[in-house]
Structures are given as C-alpha cells and as structure tokens.
Amino acid sequence: SSGPVTAAIDGLRTTPRARTLAFAPVSGAPEDAGMDDVDVRRATHDDADAIGDVYLAPFTATYGFPLAHSDQQVRRWIAEILLPTEEVWVVTAPDQAVLAMMALSSEMLDQLYVAPGWTGRGIGSRLIELAKSRRPGGLDLYTFQVNPGARRFYERHGLGEVARGDGSDNEEGQPDIRYSWRPSP
C-alpha cells in the first residue's frame, strides 16, 4: 500500500477517514420511505453541492469538534479532488435528492455519510455491501473513536478493528480506529 493520497486545496487534503453517523430523525424524511424508494448510482460532478450537504450535515450533527476546514473548502475539495479521483456513489430519493454518499479509493472506503433523518433504513448497509462488491479483495476504513454508532455498524458488517490512532494522522486531530474487511477464504 502506498498510504494516504494527499492533494492540497487551500490546505485541504484527502486522507482515508470514513465515518458512518447516527442521527435523530429530521423532518422531511418520510417515515415509511425505505430502500425500495431509493436508487444507488455513480456520482457525477453535478452532484457535488448535494454531496457537500450530505457530508457536512452529519458531521456537525454528530461530533462536538469542528471539521478541520471551512464548509467552502470542503465543497471545493469534493468538486475538485474527491469526485475526479475517487469512485463516488450516491443514494438518491425518488425526487433525486442525495440522501447518502460513499467514496472508494483503491483500497479504502474513504467516506461514507448518510443524511440526518435517513439512517436506520438500510442505506448505509447497502453502501457497505456495494463497497465490498467493488473491492472484492478487501477494504479498510477509518472512523473516529468517539463514534460508537459507526463502530457498531462496521463491526455488524464484518469489519474488524486492526489499529487505533491518537489523532496525529488525521486533520481533525481526533483519535481514530482503522477497520478492515477481507473476504472469507
């Protein structure tokens, strides 16, 4: 492995730090909407703003610490680095609103976010299964140690903890956990 890819935009760099987040329901998410009502597709550049919304809202709703970069820097990173260099998928509602996003690098599930109000409906599970099918040899990801919901989610989906970090290797400076999934022999 060559390690994390680094590309700078106003100091913003890509680092493999995926997070799946848990939220309280938010108005606007139909109570009976589920996986039968959504589509999963490859993201396009036209999705950049909506991906930014799905990336930023869960982060601020879940963590008591700020992102290392401004919303504008994150949105620019999504449009100019993430979308052109990684395999990015979105989950969309019937009205085409983006409800979740996932980014895969060659060996990492680099980002996974589900919009507030849409968790607990199988969307994250569907994205994890897609990631496994797209990386059949295995994949790794990171999540912050302070996110027990994400940790349980990944462990339920067959990922095992392989390392813990003190936060010195991620831009938020938060202790993290590296998870790994390898197919059964």
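Cut-offs applied
- Residues numbered from 1 in each chain as written.
- Predicted model: local features only at pLDDT ≥ 70, side-chain atom pairs only at ≥ 80, totals over all residues.
- Heavy atoms only, no water.
- Helix = DSSP H or I, 4+ residues; strand = E, 2+ residues; numbered from the N terminus.
- Buried < 20%, exposed > 50% of the residue type's maximum accessible area, 1.4 Å probe, protein only.
- Contact = heavy atoms within 4.5 Å.
- Expected span 1.5 Å × (residues − 1).
- Core = buried A, V, L, I, M, F, W, Y, C linked by side-chain atoms within 4.5 Å.
- Phe/Tyr/Trp six-rings, centres within 6.5 Å; stacked < 30°, edge-to-face > 60°.
- Lys NZ or Arg CZ within 6 Å of the ring centre and 35° of its normal.
- Polar contact = N/O pair within 3.5 Å; in protein donor to acceptor, adjacent residues only side chain to side chain.
- Pairing = 2+ DSSP bridges.
- Axes fitted to C-alpha atoms, helices over the stretch in contact; angles between N-to-C directions.

> For this particular structure, what's the right way to read the overall build of the protein?
A count of helices and strands for the protein gives four helices and seven strands. Put simply, the protein runs from its N terminus to its C terminus through helices and strands in the order β-α-α-β-β-β-α-β-α-β-β. Buried residues in the protein amount to 51% of all 185 residues. Put simply, 69% of the contacts in the protein that link residues at least 6 apart link residues at least 24 apart.

> Any chance you could explain helix H3 (residues 123–134) here in plain terms?
Helical periodicity: at 3.6 residues per turn, an α-helix aligns residues three or four positions apart in one direction. Compared with an ideal rise of 1.5 Å per residue, which puts 12 residues at 16 Å, H3 spans 16 Å between its outermost C-alpha atoms and is within 8% of the ideal. Listed as buried for H3 are Ile123, Gly124, Leu127, Ile128, Leu130, Ala131 and Lys132.

> Please explain the nonpolar core as it appears in this structure.
As a rule of thumb, nonpolar side chains are buried together in soluble globular proteins. If you look at the biggest cluster of nonpolar residues, it comprises 51 residues, and the most contacted ones within it are Ile78, Met101, Met102, Leu109 and Tyr154. Excluding residues within four positions of it along the chain, Met101 makes contact with Ile51, Val54, Leu82, Val88, Trp89, Val90, Gln111, Leu112, Tyr113 and Leu127.

> I tried to follow the packing of aromatic side chains on my own but got confused; where do I start?
The way to describe two aromatic rings as a pair is by their centre distance and the angle between their planes. Tallied over the entire structure, the rule returns 10 aromatic pairs. Ring centres of Phe59 and Phe65 lie 5.7 Å apart, and the angle between their planes is 85°; on these two criteria the pair is classed as edge-to-face. Neither Phe59 nor Phe65 differs from the other in exposure class; each is buried. Residues Tyr63 and Phe144 carry aromatic rings whose centres are separated by 5.2 Å and whose planes lie at 90° to one another, so their mutual orientation is edge-to-face. Of this pair, Tyr63 sits in the loop between helix H1 (48–62) and helix H2 (71–85) while Phe144 is found in strand E5 (residues 139–144), placing the two residues 81 residues apart along the sequence. A relative accessible area of 8% places Tyr63 in the buried class. A connected cluster of aromatic rings, assembled from ring pairs, spans Phe59, Tyr63, Phe65 and Phe144. Here Arg121 stacks its cationic end above the ring of Trp118, 4.8 Å away from the centre of that ring.

> Hey, could you run me through the side chain of Glu87 in this one?
One can find Glu87 in strand E2 (residues 87–92). One polar contact links Glu87 to Trp89, side chain to side chain, over a distance of 2.8 Å. With residues near it in sequence (within four places) discarded, Glu87 still touches Arg42, Met102, Ala103, Leu104, Arg134 and Arg135.

> Sorry if this is basic, but what is going on with the sheet that holds strand E3 (residues 98–104) here?
Hydrogen bonds between backbone groups are what pair the strands of a sheet, and the pairing can be parallel or antiparallel. Here four strands make up an open sheet; going across it, the order is E1-E2-E3-E4 and the pairing antiparallel. Here the strands that pair on one side only, and so sit at the sheet edges, are strand E1 (39–42) and strand E4 (109–114). Within this sheet the neighbouring strands show an average axis-to-axis angle of 15°, counted without direction. Relative to E2, E1 is paired through four bridges, and the arrangement is antiparallel. Residue Arg42 lies in a different strand from E2, and its bridge partner there is Trp89. Here H1 sits on the sheet and contacts E2, E3 and E4; the angle it forms with E4, its principal contact strand, is near 80°.

Keep in mind these values describe shape, not function.
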